[in-house]
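Residue-level structure breakdown
What follows is the residue order along each chain.
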Amino acid sequence: MQVVTPDFIKGKKVLLRYDIDVVLGQGTGYRVQVIEDYKLKAGLDTLRLCFENASQVVLMGHVGRPEGKVVPELSVEPIREWLGDQGYRGDLESKKLILLENLRFNPKEEACDPEYAKELTQMGDIYINEAFSAHRSAVSTTILPTLLPHAAGLRFTEEVRVLMEVRENPKKPFVAIMGGAKVADKLPVIKVLAKKADAVLVGGKLVHEIREQNVQVPANVLVGKLEEGGFDISPDTTDSWKDLIEKAAMIVWNGPLGKFE
């Protein structure tokens, strides 16, 4: 895997696929702003490296699921403000740093339209992917790497390194915790993890879906019980998992175990 380096991007126009899918909400003065910026901060080392060595950086990504329509509350403007607060305000004004509008406003993005891909390639010489969690097939994640010289961002590379360790040489006892929803997407992951992990603990909406669909899981996959309201795992489940988690040498956690909102 090619990893971004100063020499690789020196003097080039960089198309930087960034993870800008963050929580937005009403801030001071009724203005929409970034409420949780963990993902944005995670990519800053790559952004700085690109900005310091490239002739121009075109930052792009998606916010939410507008389904190919313009949804004003999912605009990237709060991310632009956030970048300005990180010291890039002048660079945004001078166009050395360009932030494209939410890619998912255009239905061609998720349709993997090749003509849209060509439009985007006209804006850069090099493609860098720093959006590890953007796993859906789309122009900006699937097609652009096939059309331009490309490399992985620094955080993307670290995520891959950690997952390779989990796959090849996990520390024992190894516990995986799976939450969220979408059993169709997560069940294959659960089954793979079950082959390596001492226990896979399942919570969140997955519990409903597994039971409603009568999904069969391996013996070391422990499907939690939900509290009466169904919005979180029950105290009994928390107690039964506590010892496993405390004794684990490695924990891989994906997805919330309750309605965190």
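Before going into details, it helps to say that this report is about the structure given with it.

1. Here's the deal with the pattern of salt bridges
Within this structure, the stated rule accounts for 15 salt bridges. Residue E77 pairs with R80 through a salt bridge whose shortest N-O separation is 3.2 Å. You can see E77 and its partner R80 sitting in helix α4 (residues 77–94), 3 residues apart, about one turn around the helix. E77 gets classed as partly exposed once you look at its relative accessible area, which sits at 37%. Given the relative accessible area of 25%, R80 is considered partly exposed. Beyond isolated ion pairs, a larger network of salt bridges with shared partners links E158, R161, E165 and K171.

2. Observations regarding the sheet that holds strand β4 (residues 56–60)
Strand order in the open sheet formed by 5 strands is β5-β4-β1-β6-β7, with parallel pairing between adjacent strands. Both edges of this open sheet fall to β5 (97–99) and β7 (150–152), since each of them pairs with a single strand only. Recorded for the sheet is a direction-independent mean angle of 20° between the axes of neighbouring strands. Looking at chain direction, β4 and β5 are connected through 3 bridges and run parallel.

3. Remarks on the packing of helix α3 (residues 44–53) against α4
At a closest axis distance of 13 Å, the pairing of α3 and α4 adopts a crossing angle of 5°. As the angle between them shows, α3 and α4 are arranged roughly parallel. Packed against α3, whose contacting residues are L44, L47, R48 and F51, the element α4 presents W82, L83, Q86, Y88 and D91 at the interface. Of the residues that constitute the contact of α3 with α4, the class distribution is 6 nonpolar, 1 polar and 2 charged.

4. Some remarks on the packing of aromatic side chains
Counted according to the given criterion, the structure contains 2 aromatic pairs. Measuring from centroid to centroid gives 5.2 Å for F51 and Y88, while their planes differ by 80°, and the two rings are edge-to-face. With F51 in helix α3 and Y88 in helix α4, the pair connects residues that are 37 residues apart, well separated along the chain. Taking relative accessible area as the criterion, F51 reaches 13% and is therefore assigned buried.

5. Quick look at unusual backbone geometry
Note that the residue after K172, namely P173, is joined by a cis bond; omega there is -5°. Tracing the backbone shows P173 in the loop between α8 (154–168) and β8 (174–178). Of note in this structure, E67 is not a glycine but carries a positive phi near 60°. Residue E67 is classed as exposed on the basis of its relative accessible area of 53%.

What counts and how
- Residues numbered from 1 in each chain as written.
- Predicted model: local features only at pLDDT ≥ 70, side-chain atom pairs only at ≥ 80, totals over all residues.
- Heavy atoms only, no water.
- Salt bridge = Lys/Arg side-chain N within 4 Å of Asp/Glu carboxyl O.
- Helix = DSSP H or I, 4+ residues; strand = E, 2+ residues; numbered from the N terminus.
- Buried < 20%, exposed > 50% of the residue type's maximum accessible area, 1.4 Å probe, protein only.
- Pairing = 2+ DSSP bridges.
- Axes fitted to C-alpha atoms, helices over the stretch in contact; angles between N-to-C directions.
- Parallel < 35°, antiparallel > 145°, perpendicular 65-115°, else oblique.
- Contact = heavy atoms within 4.5 Å.
- Nonpolar A, V, L, I, M, F, W, Y, C, P; charged D, E, K, R; others polar.
- Phe/Tyr/Trp six-rings, centres within 6.5 Å; stacked < 30°, edge-to-face > 60°.

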